[in-house]
Amino acid sequence: MKDFYFLAKFQMAVPGTDSAAGGIIIPSGIPSHTLTRRTFRQPNLLRRLLDPQIYLSHLQADRCRGTCTKLASYPWFLAGDLAAYDSGQHTQAQWRAATEATITQHWRGTPLMTSDIRQSVDSCIRYQRDRGVEAIILPSPLTNDHASDYARETEWLEIGAQRSGDLAPDLPALVTIAISDTCLRGFAPANNILIDIILDQVTARAPAGAYVVLEQANEITYNCTSANTVGALLRLVRGLKDGGLRRVIVSYAGTAGLLALLVGADAWSTGWYRSERRLRLTDIEQTEGRAMPAYYSHQAATEFHLASDLTRVRDAGMLNLIRDETPDSGPLLAALDAGVGPQDVVPWQPRQSNVTAARSHYATAMIRETAQIAELDAAGQTAYGRDWMRGARDAATALYQIGGFNQRTELDHQRGWCDAFEAALG
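Keep in mind that this is a model prediction, so the values were computed, not measured. (Residues numbered from 1 in each chain as written. Predicted model: local features only at pLDDT ≥ 70, side-chain atom pairs only at ≥ 80, totals over all residues. Heavy atoms only, no water.)

Draft legend 1. How the structure looks around the overall build of the protein. A count of helices and strands for the protein gives 15 helices and 11 strands. Taking 426 residues into account, the globule formula puts the C-alpha radius of gyration at 22 Å, and the protein, at 21 Å, falls close to it. Across its three principal directions, the C-alpha atoms of the protein cover 65 × 50 × 35 Å. Among the 426 residues that make up the protein, the fraction classed as buried is 58%. Total accessible area on the protein is roughly 16,600 Å²; 49% of this is exposed by carbon and sulfur atoms. With 41 positive and 46 negative side-chain charges, the protein shows a spacing of 3 Å between the two charge centroids. (Helix = DSSP H or I, 4+ residues; strand = E, 2+ residues; numbered from the N terminus. Rg over C-alpha atoms; globule rule 2.2 N^0.38 Å. Buried < 20%, exposed > 50% of the residue type's maximum accessible area, 1.4 Å probe, protein only. Areas by Shrake-Rupley, 256 points an atom, 1.4 Å probe, with all protein chains shown as cover. Lys, Arg positive; Asp, Glu negative; His and termini not counted. Charge placed at Lys NZ, Arg CZ, Asp CG, Glu CD.)

Put into structure tokens, the structure is as follows:
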């Protein structure tokens, strides 16, 4: 089975569709006391997972008070002296303001002592179990040192595997592999010793599965541009499946998560906003500005800036290279065919926060492609990947002839993705 999960934060509905397989709840986007009041009746949340996000314990609380306040409300971050929200004492806004003011006094960072790790793991498993998840995602810190022997992460893995068997024996346990691209982009994937170590440690201890998170510390665009990073992700996924893991889920790889699906991953997750496509700690420590809509083309494996680029592609006679029709994009494409531009289509007018149609179009396309891949056998998935990547590479090359694209229209990753996918096939 191949599944697409959306990233569920405070707003948990998938824009424009209820056909996602499920949702992965992100604690950095919703405080614990708010989450515990949710009923999860939406079709897209009948199947749900919760990402513990212990890999975010590296954050500096004084640089991202809001995010750390949400995270600290969950018991596995061990902020035991943090005043719990009490609806009889204050409103949620009052609690948030008071907690953000003092969060640096409560934020503990990554638990290091074995006793603290056990306490964190136990509370994390219990919390997920009580939220009705379909599997337990075991917490793990971020791997950001290529010279690591993976001993710290292995301790979390072993404690998690043992305690999940005791506390949630009826639920499969997925070990978190959270790895930064600082360990990947400077090394050829086939020769990356750290990937060998991770595969050895995880496949020996986590037969139920793994939840892979990619931190893109060195990327500034929506799409990962490093062929080594994408290649390492694909090698890791394929190695986990070859090592006997029953289920592998990939998150925060953006649209490249589809490539992971094609080399063996069972599910993947992303969202439309940049913060949902790439995990970057320095992004979290900054305030993300109000978003502008953009048009996604699966043929080109990228999005296009509405105000400056779509009409130029049309006028150059290349619109068919990027045509991607969904219920949301249909009116936009019809307008372009008629000789007018995005500014004449209200849901696509290029103005701040007018992103509902763009988000819905992207989610619909990702769900559509996941469903198509799920219908293919292994040979068909390989052919799909090759056709998609070679077509996207060639489309980007042709579009470069126009020149002068806005930086939101990204045309520099397609060749690297194509090369990484071919290498992953062996």
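Draft legend 2. Quick look at the packing of aromatic side chains. Counted according to the given criterion, the structure contains nine aromatic pairs. Centre to centre, the rings of Tyr384 and Trp388 are 6.3 Å apart; their planes meet at 55 degrees, and the pair counts as tilted. Here the residue Tyr384 and the residue Trp388 both occupy positions in helix α14 (residues 378–399), the gap between them amounting to four residues, near one helical turn. Residues Tyr384 and Trp388 agree in their burial class; the two are buried. Every member of this aromatic cluster is reached through a ring pair, and the members are Tyr74, Trp76 and Tyr127. (Phe/Tyr/Trp six-rings, centres within 6.5 Å; stacked < 30°, edge-to-face > 60°.)

Draft legend 3. Highlighting the packing of helix α6 (residues 193–203) against helix α7 (residues 227–242). Where α6 meets α7, the axes come as close as 10 Å, and the angle between the chain directions of the two elements is 25 degrees. Taken together, α6 and α7 sit at an angle that is classed as roughly parallel. For the pair α6 and α7, the crossing hand works out as right-handed. Here α6 contributes Ile195, Asp196, Ile198, Leu199, Val202 and Thr203 to the contact with α7, which in turn contributes Ala232, Arg235, Leu236, Gly239 and Leu240. Grouping the constituent residues of the contact of α6 with α7 by class yields seven nonpolar, two polar and two charged. (Axes fitted to C-alpha atoms, helices over the stretch in contact; angles between N-to-C directions. Parallel < 35°, antiparallel > 145°, perpendicular 65-115°, else oblique. Left-handed = near helix turned anticlockwise from the far one by under 90°. Contact = heavy atoms within 4.5 Å. Nonpolar A, V, L, I, M, F, W, Y, C, P; charged D, E, K, R; others polar.)

Draft legend 4. Local environment of unusual backbone geometry. In the Ramachandran plot, Phe40 falls in the positive-phi region, its phi being about 60 degrees despite a non-glycine side chain. Mapped onto the elements, Phe40 comes out in the loop between α1 (32–35) and β3 (48–50). Phi at Ser353 is positive, roughly 70 degrees, even though this residue is not glycine. The residue Ser353 is located in the loop between α12 (330–337) and α13 (356–374) in this model.

Draft legend 5. Molecular detail of the pairing of strand β11 (residues 302–305). Note that strand β10 (residues 294–297) and β11 share four bridges and pair antiparallel. Counted as the bridge partner of Tyr295 is Phe304 from β11. Between the end of β10 and the start of β11, which pair antiparallel, lie four residues, with Ala301 showing a positive phi angle near 55 degrees. (Pairing = 2+ DSSP bridges.)

Draft legend 6. Highlighting the nonpolar core. In this structure, Val202 and Leu240 are the most contacted members of the largest nonpolar core, which totals 141 residues. For this core, the element with the most residues is α13, which contributes eight residues. (Core = buried A, V, L, I, M, F, W, Y, C linked by side-chain atoms within 4.5 Å.)

Draft legend 7. The arrangement of the pattern of salt bridges in detail. Within this structure, the stated rule accounts for 25 salt bridges. For Arg129, the salt bridge identified is with Asp130, shortest N-O distance 3.2 Å. Given the relative accessible area of 33%, Arg129 is considered partly exposed. As a salt-bridge pair, Glu422 and Arg386 come within 3.0 Å of each other at their nearest N and O atoms. With Glu422 in helix α15 (residues 414–425) and Arg386 in helix α14, the pair connects residues that are 36 residues apart, well separated along the chain. Overall, the relative accessible area of 29% leaves Arg386 in the partly exposed class. (Salt bridge = Lys/Arg side-chain N within 4 Å of Asp/Glu carboxyl O.)

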